[in-house]
Structure formats: C-alpha cells, structure tokens
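Chain by chain, the residues:
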Amino acid sequence: MIRINDIVDRVMEYNPGANVDIIERAYVYSARVHLGQMRLSGEPYLSHPLEVAGILSEMKLDEESIAAGLLHDVIEDTKATPEEIEDFFGFEIKHIVSGVTKLSKLPFSSSEARQAESIRKMLLAMADDIRVILIKLADRLHNMKTLQFHKENKRRAIAKETMDIYAPISARLGIYWIKNELEDMSFRYLQPDEYERIDRMINKDIAEREKYIKEVKSYIKKKMDDSGLVSEVLGRHKHISSIHQKMVQQNLSFEEVYDIIAFRIILETIPKCYEALGLVHSLWKPIAKKFKDYIGVPKANMYQSLHTTVVGPYGERIEIQIRTREMDQVAKSGIAAHWGYKEGKRMDNQASEKFAWIQNLVENQAEFLDPQEFLENVRIDLFPDEVYVFTPQGEIKSLPKGATPVDFAYMIHSEVGNQCTGAKVNGRMVPLKYEMQTGNIVEIITSKGSHPSKDWLNFVKTVKARSRIRQWIKIQEKKRSLSLGREMCEKTFRKHKLNFNALVKTEEMREVVSHFGFKTVDDLIASVGYGKTTPVQIARRLALKTETLDADESLFNKLVSRVRKKKPTVGVVVKGVDDMLVKFGKCCQPVPGDVITGYITRGYGVTIHRTNCVNALKMSPERRIDVEWSLETRESYPVKIRINSLDRVGLLADMAATISKNNANILSLNTQTKDDLTVDSILTLGIVSTVHLEKVLLDLKKIKYVQSVQRLG
C-alpha cells in the first residue's frame, strides 16, 4: 500500500511550491471517517483512497485534485456531509467530491436507472470541472485491480461498464495508459478464456520477440545517429485487448496479426519528425495507405504523431510512431498534461476547444430520460475513430468515422439538418447516406418546408442527428396518436351513452391522469393511441371516481368485471399487464440472460428486442414498455451464429457433435466453401440462455481449424 509520505514527496518533486498541507489534512480526515471500514480484499478501506491519490500524483495533478482523491468516497460511504467537506476544505474540493459521488443513496426504479443517473451526474460535473473525471478514472483503475474479490456477476457488470464508458472516456481524454489498462482488465473478466489464450501465445515466443525488438531498435537508432538526429527509440508489445479487437474486426487469427510489436521514435522538433519518417521509409518499404499524419491533423484529444507501417527485417510488417518529446508527454497524459500544477485550474484556449466535445456530450444527453437510451447514446458519443471534413469556408469539423452529410448538417444547426434535402462533397452531388472521408469539403443544400425522414435513422452516426430526427418523429407520432387515442376513447364511451369530451374536463379525469403517471390529459390520450393504455383502463379508473359511472352498472360490469382467460406465458413478463401478445424480434433473437426491452406494435402486441438491437434503437421511446424474463421459463430460443473455418474432412460432424454435447439443437444450417478453402457456416441453434450460448460458442472455438465463432444479430 502506498504511504501518504510517498504521495507528498512525489507532489513536491514536480511542484515544489505546492500547498501540501491540504493533502495531509485530507488524509487525516479520510482516515478518521473511514476508521474501521474494510475492503472486500481484507485491507483497511483507507488503502483505496491512498491508491487513488497515488495514481493522481503520477498524473502530476494539482494539490486540490490529490486532496479530492483522498476524500472521493467519504460522502458516499461515511457519515461525512458535503457541508462539512466545504467547511474543512473549501467549495472547489466539495464540488469535485460531490461530482465523483454516485447516487447510491437515492431511490430509483432499477439499478440501470441508478447507473444512468450516476453517469449523467458525473458528465455534468465533468463539463464543469475536468478533474472530476480524472479522479473517477483513477478510482475505477484501482477498483479494477481488486475486482477479483467481487462475485462473478458483479465482476462482469463492472467490467462491462468499464469497457463501455470509462475506457472510451480515457481514450477521448488522450490518457492512453489508463485506457489500455482498463481495456485489458475488463477483457480479462469478460472473456477470460480468450484473454488467457492470447496471453499464452504472446508469452510463448517472448525471448525470440525480445531479441527481434532489440535488433529493430538498433537498426533504427543507427539510421538516426548516422543522419545526426538525436533520438530515443522504444519497442513494446501491444496490449492484449487491442490485439483481440484487431483479430475480431479484421477476422484474423493470432498468427495473422502482423503488428503485435510497435516501435516509437522520439525526437526534439517537428521538422526532425518528418526527416526521421523519410529515413525510415528509405530503410524499409512503406505499406501504401498505412501512413497517418496526426501532427498535421491532430486527433480531437490533442494526440499528435506520425504513424507508418513498413515491411521490416525478415519481411515482417512493423508499425512505427514518430513524435516529439512534448507530443509523447501529451500522448501519455492527455488532458492531464493541460491540467497540471503549472497551469493551475485553467486550460489554454487550444485545449478548451479540443475538449469542447465534453460540453457537446452533456448537451446531447440532457433530454434523454430513458436510462437505456441515455446509456446507449453515451456509448455512441464516445466513439474512438474520427474523420475531419471542411465547410465551404474552410472551417474544419470533426465527426465520427462513417458519418454522413446529414450528421454534418445537424452539427452545423438543428434547422439545417431538419431542412436538408441534398449535399455536395468536393463540388459533386452525393447521396445523403454517403460516408464522408477526411479532407472532404461538404456543402449542405436545404429547402424550406422540408423535414427529416425516418429512413435517416438507418445511416446517421451522431447522437445529435439521431436525437433531433427522433424528436421530430416523436412530435409527428404524438399528433397522430393523440387523434387516434381521442377517437378510440370517444367510441368506447359512446357505446355506453357517455360523453367523453364532457368527462375529460372534470376534476375526476385530472385525478385519473395523475394516477397513470401523466402530466396532462393529452399525454394520457396519446398513450391510448400508442397502445400503452386502453380506453377500458381509463373507464375503470373513472368508475371508481365518478358517481355517474358507478350508477351505470352495465358499463361497470362490461368494462371492469370482464374476466379474461390468462394466456400461457412465453418466457417474458410484460410489467403491469397480464395477457399481452408477445413475439420475439427476428433481427436480434434475444435469449434469457440478454437485457431486453419491449416495443408496442399496433395489432401485434409487444415485440421483444435486445436493448442494443439496431432496430430497437430506431423506434420511438414512446412505444417502449418494460419487460423481463420469466423465472419459470425453460424454453429454448433460436440464435443465429456464424462459424468461419478452414475446410477439412469431418468438420461438420465435429460441429454437430460439439453442439449436441452442449444440449443445443440445430434448427437450420447453411455452409459455403469459398475459393480460398475457407468455410462460412451459418447455423440457427435452440439456446436456453446466454450462459448456455457462451458455453456453446467457446467449445466451437476449440474445434480444429475453426478461426472465429460469433453470434449474429
């Protein structure tokens, strides 16, 4: 366990004028309020805030950040109050600690809702003071290092959140060493067998690889020295998770991943970087289209470097990064390099502009109330790859890879997006779903009176575009649903000689509106049009509220006392409804264990989708209804998988035997042998749960010559 003296010494080393008194007082206070508390590892709880503060001191942050790191859990886990923190340590430290604190003490309808609101709160605080997220990342990093002391389901949930939210935030902030560690540790818990397999293969030839690294470094260093360039040359193995990502994305085996080793050349000035690039290309042949100039066009997180891939010694491809020492420091520390002790609490204008995406992220998520939609959109907003395009005036805009002119239009202004009818790229007309490339000059053509198309949701990439299109569709659907709902209510009430339009203005109706959780009568009527509420339910509630309906026995008997035969369950429970027709989305084929959501389809009941299903994300949130897997279900569900392998005799027999051994049923099978003697097999299996599916996929991967196995949908 790191000691407070080590932290203080480190701070004094990089900032001799630091006010270390506030750090020492924070340590004493944290030790007092955490006294007697233990972590799951059996260590005193104080070890955790000390480790977090130690990580922050490695990032060379100011003394207020270190103190806040020591105090980051006191509001959540002890009797300490925000007011007390402010009295002892000042407003800024209280503000940071409050921003890091989760919402674990407040009541929420689900753990997902609590997680969503905690992340929303963190993002808001992060936009106000970036130190909030730096402390949160240090906190998550140490928690991941001690994750083995949690139960398996908790480990997987924390690892998944880390991979989805915290690792991408680290990348967007340019703190790659934290990003790499978080991804590796998350991967280890999410796919332990695959992690161990790649780790084994890396270490199998470790001595030979170390020799290779030493040899290539000596070639590069000699070339730089002969040309009079003072340089530092480094070589390293890539991280396990990044190797796995490349294997999955490019459908490669481990042996086919050529750039497991990467080299870095660090020089003094930018001109020398370009000179070094020329020397490397004269030493080894460069690979076309594998050169990237992040010095001329830096990444959004201020990362700068030249990247090139060459055919090195023995015909092996190697990746080489070339940068200045200052660029190397930014590559390691990211935004922390601009929020250290030197510049106090202010970032320079350049850094502020580069990290304007934080404010955009907060603004984009402000209107999403549904926790699932909010979390999904945060994940989309944290995309790692970007393209850089120009307005006709020459202003550069950064967008996610795969973004279209519609995304560009909404980035300019919501009205430009809504009225977009066409686009020109480099002076030529292109389809609205055209995927823009770095360097494109984009011009948007608008027309007054035009409006978004629902089809745009099939190709837009940015959350802002998606949310504005949905917002427009939602308004249109609400108008239609309001009209349909009013018509349905009037028809039902008219059957029983009642005037719906008269009853809708009564005090009793306002109480009914409140009972169903709506703010206005129009919202309630629209929900009838959507299919979430029925006229019968409104009549039932009014029957309890009004003497008119109580006197009309026929209405009460017909609408309230009607007994419906309960339909047999189909493995899914629709919350609050006894007998709803349920079917499963063919697009994503959910099975027990998947996180699911339901969408009301007029005339077809409720369709069940996985929450991350592309089609579900396009649907109006107004149609969403809460569903969950029934604990009683023991049915099997169809799941489509793809197996890619080399061709051999007995391959299909081994697949069938493996599937049968795992008590899964083959519902359909389609195989295709390609010219390169690889076999693509698409199978639909009868699966009981996600745990069952993972076991089947894992065993299929062990079959000889099988290169990849993945779930489709």
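Predicted, not measured: the structure shown is a model, and the values here were computed from it. Residue numbers here run from 1 along each chain, matching the order of that chain's written sequence. Local features are withheld for residues below a pLDDT of 70 in this predicted model, meaning they are given only at 70 or higher, and side-chain atom pairs are given and counted only at 80 or more; totals for whole chains, interfaces and linings count all residues. Side-chain calculation: all heavy atoms of the structure are included, whereas hydrogens and water are not.

## With respect to the packing of helix α22 (residues 463–495) against helix α25 (residues 521–530)
The criterion, for reference: The axes used here are C-alpha line fits, helices contributing only the stretch in contact, and every angle between their N-to-C directions lies in the interval 0 to 180 degrees. Strands here mean DSSP runs of E at least two residues long; helices mean DSSP runs of H or I at least four residues long; both are numbered from the N terminus. In this scheme, roughly parallel covers angles under 35 degrees and roughly antiparallel covers those over 145, while 65 to 115 is roughly perpendicular and the rest are oblique. The contact definition used throughout considers only heavy atoms, calling two residues in contact when any of these lie within 4.5 Å. Gly falls in the polar group here, along with every residue not listed as nonpolar (Ala, Val, Leu, Ile, Met, Phe, Trp, Tyr, Cys, Pro) or charged (Asp, Glu, Lys, Arg).
Interhelical geometry of α22 versus α25 gives an angle of 90 degrees and a closest axis separation of 6 Å. Classified by the interaxial angle, the pair formed by α22 and α25 is roughly perpendicular. Touching K474, E477, K478, S481, L482, L484, G485, R486, M488 and C489 of α22 are D522, D523, I525, A526, V528, G529 and Y530, all from α25. Partitioning the contact of α22 with α25 into residue classes produces 8 nonpolar, 3 polar and 6 charged.

## Some points on the confidence of the model for the protein
Keep in mind that low pLDDT regions are not for reading the predicted coordinates in detail. Worth spelling out the cut-off: Scored from 0 to 100, pLDDT records how confident the predictor is in each individual residue.
Of the residues in the protein, 82% have a pLDDT of 70 or more, and the chain-wide mean is 81. Contacts for the low-pLDDT stretch residues 340–347, under 50 throughout, to residues beyond four places or in other chains number 19 contacts. pLDDT under 50 marks residues 548–556. Its contacts with residues more than four places away, or in other chains, come to 14 contacts.

## Re the packing of helix α9 (residues 131–145) against helix α10 (residues 152–172)
Rules: Each crossing gets its hand from how the near helix is turned against the far one by less than a right angle, where anticlockwise is left-handed and clockwise is right-handed.
Contact geometry of α9 with α10 gives a least axis separation of 11 Å together with a crossing angle of 140 degrees. Classified by the angle their axes make, α9 and α10 are oblique. The crossing of α9 and α10 is left-handed. Note on element contacts: α10 touches α9 through I158, A159, E161, T162, Y166, I169 and S170, opposite I133, K136, L137, R140 and M144. Split by residue class, the contact of α9 with α10 holds 7 nonpolar, 2 polar and 3 charged.

## Overview of the packing of aromatic side chains
This is how the line gets drawn: Think of it this way: a Phe, Tyr or Trp ring, Trp meaning its six-membered ring, pairs with another when their centres are within 6.5 Å, and the plane angle makes it stacked under 30 degrees, edge-to-face over 60, tilted otherwise. Partly exposed residues are those whose accessible area sits between 20% and 50% of the maximum for their type, while under 20% is buried and over 50% is exposed, using a 1.4 Å probe and protein chains only. Whether a charge sits over a ring comes down to the Lys NZ or Arg CZ being within 6 Å of the ring centre and within 35 degrees of the ring normal.
On inspection of all chains with the given rule, the structure shows 11 aromatic pairs. Judged by centre distance (5.6 Å) and plane angle (80 degrees), the ring pair of Y29 and F89 falls under edge-to-face. Residue Y29 is found in helix α2 (residues 20–33), and its partner F89 is found in helix α6 (residues 82–89); the two are separated by 60 residues along the sequence. Each member of the pair, Y29 as well as F89, carries the same accessibility label: buried. What links up through ring pairs into an aromatic cluster is the set Y29, F88 and F89. The side chain of R39 reaches across the aromatic face of Y45, ending 5.9 Å from its centre.

## Remarks on the pattern of salt bridges
Note the following rule: By convention in these notes, a salt bridge is any Lys or Arg side-chain nitrogen within 4 Å of a carboxyl oxygen on Asp or Glu.
The tally for this structure, following the rule as stated, stands at 28 salt bridges. One salt bridge in this structure joins D6 and R3, with 3.2 Å as the shortest N-O distance. Judged by relative accessible area, D6 falls into the partly exposed class, the value being 29%. Judged by its relative accessible area of 51%, R3 falls in the exposed class.

## Section: the side chain of S414
Using the following cut-off: Two N or O atoms count as a polar contact when they lie within 3.5 Å, although within protein this holds only if one can serve as hydrogen donor and the other as acceptor, and sequence-adjacent residues are included solely when both atoms are side-chain atoms.
Relative to the helices and strands, S414 is located in helix α21 (residues 414–418). When its relative accessible area of 18% is taken as the criterion, S414 is described as buried. Only 3.1 Å separates the side chain of S414 from the side chain of R468, close enough to count as a polar contact. If sequence neighbours within four positions are ignored, S414 has contacts with K464 and R468.

## Side note on the pairing of strand β9 (residues 420–425)
Selection criterion: DSSP bridges decide pairing: two strands pair if at least two such bridges lie between them.
Across 5 bridges, the pairing between β9 and strand β11 (residues 442–446) is antiparallel. Residue A423 lies in a different strand from β11, and its bridge partner there is I444. Relative to strand β10 (residues 428–430), β9 runs antiparallel, the two sharing 3 bridges. By the bridge assignment, K424 is partnered in β10 with M429. The loop that links β9 with its antiparallel partner β10 comprises 2 residues; one of these, N426, has a positive phi angle of about 55 degrees.

## With respect to helix α1 (residues 4–14)
To keep things clear, this is the line we draw: The directions from the helix axis to the C-beta atoms are what the arc is built from.
Listing the buried residues of α1 in full gives I4, I7, V8, V11 and Y14. End-on, the buried residues of α1 take up no more than an arc of 140 degrees, which puts them together on one face. For α1, the secondary structure elements touched by its buried residues are α2, α3 (47–58) and α4 (63–71).

## Brief notes about the environment of M436
The residue M436 is located in the loop between β10 and β11 in this model. Measuring from C-alpha to C-alpha, the distance between M436 and V425 comes to 8.2 Å, with 11 residues separating the pair along the chain. If we ignore the near neighbours within four places in the chain, the residues touching M436 are V387, V389, L399, A403, T404, P405, F408 and V442.

## Remarks on the environment of G422
Within the element layout of this structure, G422 appears in strand β9. For G422 and S447, which are 25 residues apart along the polypeptide, the C-alpha to C-alpha distance reads 9.1 Å. G422 has contacts with M429, L432, E443, I444 and I445, leaving out every residue within four places of it along the chain.

## Some remarks on unusual backbone geometry
The phi dihedral of L677 falls on the positive side, at around 65 degrees, and the residue is not glycine. Its location among the elements puts L677 in the loop between β19 (665–673) and β20 (678–687). Residues other than glycine seldom take positive phi values, yet Y705 does so here, at roughly 75 degrees. Tracing the sequence through the fold places Y705 in the loop between α31 (690–701) and β21 (706–711).

## Some details on the sheet that holds β9
With antiparallel pairing, the 3 strands of this open sheet are ordered in space as β10-β9-β11. The two strands at the open ends of the sheet, each matched to only one other strand, are β10 and β11. Pairwise comparison of adjacent strand axes, ignoring direction, gives a mean angle of 35 degrees for this sheet.

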